[in-house]
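# Structural overview
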Amino acid sequence: MHEMSLALGIIDLAEEETKKAEAVSVAEIELEIGELSGVVVEALEFALEVAVKETVLDGAKRIIHKISGQAGCNDCQNVFSVSDLYTPCPLCCGFNTRIIRGLELRVKSLIVP
């Protein structure tokens, strides 16, 4: 389950940023996770629940924003919703597309008391 290593990376980042802010804990953490990122949100939430014990994120409110997938066609410039990486353009049926959003996995904000 790679979500546990993601959770540990999020904790490391939070600890680094908390240290820079000369704080000892985080009140709130906000994450953005794309639908196409390969992250199972429920598994990440479970991994965070287990991993944050006795860290700066212990007791922090967690807000997770799910980012839907969106692609653009390089041939006809159509922009459309996608739920996987291999969806053809619904307008011209071409596969010359690019992912515009939905691959995100980022810590959007940390709030320290």
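For the structure, see preceding data.
Along each chain, numbering runs from 1 in the same order as the chain's sequence is written. Whole-chain, interface and lining totals are the exception, using all residues; otherwise, since this is a predicted model, local features are given only for residues with pLDDT of at least 70 and side-chain atom pairs are given and counted only at 80 or more. The basis for every side-chain value is the complete set of non-hydrogen atoms in the structure, without hydrogens or water.

Below, the discussion takes up the pattern of salt bridges. For salt bridges, the criterion is a side-chain nitrogen of Lys or Arg within 4 Å of an Asp or Glu carboxyl oxygen. Per the stated rule, a full pass over the model turns up 5 salt bridges. Of the charged contacts, one joins Lys-20 and Glu-17 as a salt bridge, the two residues approaching to 3.2 Å between their closest N and O atoms. Remark: Glu-17 and Lys-20 occur in helix H1 (residues 2–20); sequence separation between them is 3 residues, near one turn of the helix. Given the relative accessible area of 63%, Lys-20 is considered exposed. When the shortest N-O distance is used, the salt bridge between Lys-108 and Glu-32 registers 3.8 Å. Numbering of helices and strands runs from the N terminus, with a helix taken as a DSSP run of H or I at least four residues long and a strand as a DSSP run of E at least two residues long. For each residue, the accessible area found with a 1.4 Å probe, counting protein chains only, is set against the maximum for its type, and the residue is called buried under 20%, exposed over 50%, and partly exposed in between.

The next subject is the pairing of strand S4 (residues 79–82). Side chains Phe-80 and Val-82 of S4 all project onto a buried face; the interleaved residues Val-79 and Ser-81 project onto a face where none is buried. When DSSP finds two or more bridges between a pair of strands, those strands are recorded as paired. Hairpin geometry of strand S3 (residues 69–73) and S4 is characterised by an intervening segment of 5 residues between the two adjacent antiparallel strands and by a positive phi of about 70 degrees at Gln-77.

Attention now moves to a nonpolar patch on the surface. Residues enter patches when their relative accessible area tops 30% and they take part in no salt bridge; the joining distance is 9 Å for like charges and 5 Å for the nonpolar side chains Val, Leu, Ile, Met, Phe, Trp and Tyr. For accessible areas, the Shrake-Rupley method is used with a probe of radius 1.4 Å. Any residue's cover is judged against the shown protein chains and nothing else. There is a patch of nonpolar side chains on the surface, built from Leu-85, Tyr-86 and Leu-103 and spanning about 360 Å² of accessible area. Position of Leu-103 relative to the elements: it lies in the loop between strand S5 (97–101) and strand S6 (105–111).

Now for the nonpolar core. The nonpolar core is taken to be a set of buried Ala, Val, Leu, Ile, Met, Phe, Trp, Tyr and Cys residues, with the residues joined through side-chain atoms within 4.5 Å. Counting residues in each nonpolar core, the largest one holds 18 residues, and the members touching the most others are Ala-7, Ile-10, Leu-44, Leu-48 and Leu-57. Contributing elements (two or more residues each) for this core: H1, strand S1 (28–34) and helix H2 (41–51). Ranked by residue count, the leading element in this core is H2, at 5 residues. We call two residues in contact whenever any of their non-hydrogen atoms come within 4.5 Å of each other. Other than its neighbours up to four places away in sequence, Leu-48 contacts Ala-7, Ile-10, Leu-31 and Arg-62.

The backbone of Glu-22 sits at a positive phi, close to 55 degrees, despite the residue not being glycine. A residue is classified by how much of its surface remains accessible, and Glu-22, at 75% relative accessible area, is exposed. One non-glycine residue, Cys-93, lies in the positive phi region at around 65 degrees. With respect to the helices, strands and loops of the structure, Cys-93 is situated in the loop between S4 and S5. For Cys-93, a relative accessible area of 57% translates into the label exposed.

Quick look at the sheet that holds S4 now. Hydrogen bonding along the main chain pairs the strands of a sheet, whether they run parallel or antiparallel. Spatially, 3 strands are ordered S4-S3-S5 in an open sheet, and the strand pairing comes out antiparallel. Two strands bound the open sheet, and with one partner strand each, they are S4 and S5. Sheet twist, expressed as the average angle between the axes of neighbouring strands with direction ignored, equals 40 degrees. In this sheet, S5 lies alongside S3 in antiparallel orientation, the contact comprising 4 bridges. By the bridge assignment, Cys-73 is partnered in S5 with Thr-97. To obtain an axis, a line is fitted to C-alpha atoms, over the contacting stretch when the element is a helix, and the angle between two such axes runs from 0 to 180 degrees between their N-to-C directions.

Once that is clear, we can look at the environment of Ile-29. Structurally, the position occupied by Ile-29 is in strand S1. Placed 36 residues apart in sequence, Ile-29 and His-65 show a C-alpha to C-alpha distance of 11 Å. Those residues in contact with Ile-29 that lie beyond four places of it in its chain are Ile-10, Leu-57, Lys-61, Arg-62, Ile-63, Val-107, Ser-109 and Leu-110.

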